[in-house]
Amino acid sequence: MRPKTNSIKNQIRLIYYTFFYNENNDSLTLIETFLYPFVDYISKFFRIIGWFLVCLVILLITNMIYLYFSIILPQIYTTTWPNFLIHFIIGNWLAINTAFHYYKGLTTNPGQPPKNKIDNIASMCKKCISPKPARTHHCSICDNCILKMDHHCPWFNNCIGFYNHRYFLMFCIFMTLDCIYLITFGFYYYCAYVYQNDELNIISFVINLGSIPSPHGRSIFFTLNAIEFFLCFVAIFAVGGLAGINIFVVSNGATNIELRSMRIPCVPSTYSNARNPYDLGFRVNWKIFLGFDDFKSFFLKVILPSSHKPLGDGVDWSDYFKYNQNEHDIFLV
């Protein structure tokens, strides 16, 4: 159980001493200390809205797939056969990967330290009052220690950690590609079918909320589709930006927590010039993160949906550091 502060006086005293008597103070420490009395309320809030956000994402993905199969793909079918085949393969590949990686990221346990004896103890969790392996952090929302914790994602209503970090990043990448496809090729064929006009501008279309006269009627349905296209346009920058940040993080062999807190700095910090020991180089970092060794495994485990497990168990990192010495495939299938 998380230790409770007994009184407002003790909370104020904790904040005061942290602000003025902590030689290793930084902005993150100050923010965490100031918000400490509100952690319980923030955690409850995120637990309440978590499933609402999950339903919103599922609704968005479902409607994207519905638009593709009910309107866009039939319109493409009226063009040439090679054009239809190309869009059929690309559209299904994006849709399947997006749905698959979201489902796996949502349902996969990110990993918790074992309850029995742990040989590789890095520290003690002051909230769980239990040993923590290296790269393990406590999530106040889940109220658990998470192996190789990256962050808590409210859109997944789950922590992103050792076992589902790959699913999270791959979802961000495929969701971004899906939205780009939808507002470019998808929007072109959508307008050609619904409005019999393939020269409409997506900005004016969204501003008018799809109220442009259509021979097919169904104005409410087209208004909802306009909102869908708008959300896809926003998601390109929001989800794409998130993917870009995590690509940078993975390239440096770290997690978001490690970079932000400088516990394992990838660049020299004000307190230490230490190098991130988990950074094995750009190429090796990605091979370990994605779980491939050659082109065949890259195709089967990255291009196609795959539920293979990451290297190691998130507790003992010896296999991780020995990766460069092993030329054969050491990943679980």
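Up top you'll find the structure we're talking about.
Residues numbered from 1 in each chain as written. Predicted model: local features only at pLDDT ≥ 70, side-chain atom pairs only at ≥ 80, totals over all residues. Heavy atoms only, no water.

### Considerations on the overall build of the chain
The number of helices and strands found in the chain is 11 helices and 6 strands. Taken over 333 residues, the chain has a buried fraction of 44%. Restricting to contacts in the chain with at least 6 residues of sequence separation, those with at least 24 account for 61%. Total accessible area on the chain is roughly 18300 Å²; 65% of this is exposed by carbon and sulfur atoms. (Helix = DSSP H or I, 4+ residues; strand = E, 2+ residues; numbered from the N terminus. Buried < 20%, exposed > 50% of the residue type's maximum accessible area, 1.4 Å probe, protein only. Contact = heavy atoms within 4.5 Å. Areas by Shrake-Rupley, 256 points an atom, 1.4 Å probe, with all protein chains shown as cover.)

### Remarks on helix H5 (residues 165–194)
If you look at H5, its biggest bend is around 45°, right at Gly186. Of all 30 residues in H5, 22 are buried, a share of seventy percent or more. Count one or two residues on from H5 and you reach Gln196, which has phi positive near 55°. (Bend = angle between axes of the 7 residues up to and from the residue.)

### As for the nonpolar core
In terms of nonpolar packing, the biggest core is built from 52 residues, with Tyr102, Phe171, Met175, Tyr190, Phe205 and Phe229 touching the most fellow members. Counting only elements with at least two residues in this core, the list comes to helix H3 (39–77), helix H4 (81–107), H5, helix H6 (202–207), helix H7 (219–251) and helix H9 (282–290). Tallying contributions element by element places H5 first for this core, with 16 residues. (Core = buried A, V, L, I, M, F, W, Y, C linked by side-chain atoms within 4.5 Å.)

### Notes on a negative patch on the surface
On the surface, Asp119, Asp313, Asp316 and Asp319 cluster together to form a negatively charged patch. By the element assignment, Asp316 lies in the loop between helix H10 (295–303) and helix H11 (318–321). (Patch = residues over 30% accessible without salt bridge, like charges linked within 9 Å, V, L, I, M, F, W, Y side chains within 5 Å. Salt bridge = Lys/Arg side-chain N within 4 Å of Asp/Glu carboxyl O. Lys, Arg positive; Asp, Glu negative; His and termini not counted. Charge placed at Lys NZ, Arg CZ, Asp CG, Glu CD.)

### Here's the deal with a nonpolar patch on the surface
A cluster of nonpolar side chains, contributed by Ile86, Ile90, Trp93, Leu177, Ile180, Phe295, Phe299, Leu300 and Leu304, occupies part of the molecular surface with about 790 Å² of accessible area. Sorting the residues of the nonpolar patch by element identifies H4, H5 and H10 as the ones contributing at least two each. Its location among the elements puts Ile180 in helix H5.

### Let's talk about unusual backbone geometry
A positive phi angle, near 45°, is found at Lys148, a position not held by glycine. By secondary structure assignment, the location of Lys148 is in the loop between strand E4 (144–146) and strand E5 (151–153). Take Lys148: its relative accessible area is 13%, and that puts it in the buried class. Phi angles above zero are rare outside glycine, and Asn157 is one such case at about 50°.

### Structural notes on the environment of His165
When you line up the elements, His165 lands in helix H5. Each C-alpha atom of the pair His165 and Thr108 lies 9.8 Å from the other, and the pair is 57 residues apart in sequence. Residues contacting His165, with those up to four places away along its chain left out, are Lys148, Asp150, Ile160, Asn246, Val250 and Phe289.

### Quick notes on the side chain of Asn246
Here Asn246 is to be found in helix H7. The contacts of Asn246, once residues within four sequence positions are left out, are Asp150, His165, Phe168, Leu169 and Asn256.

Nothing here speaks to function; it is all geometry.
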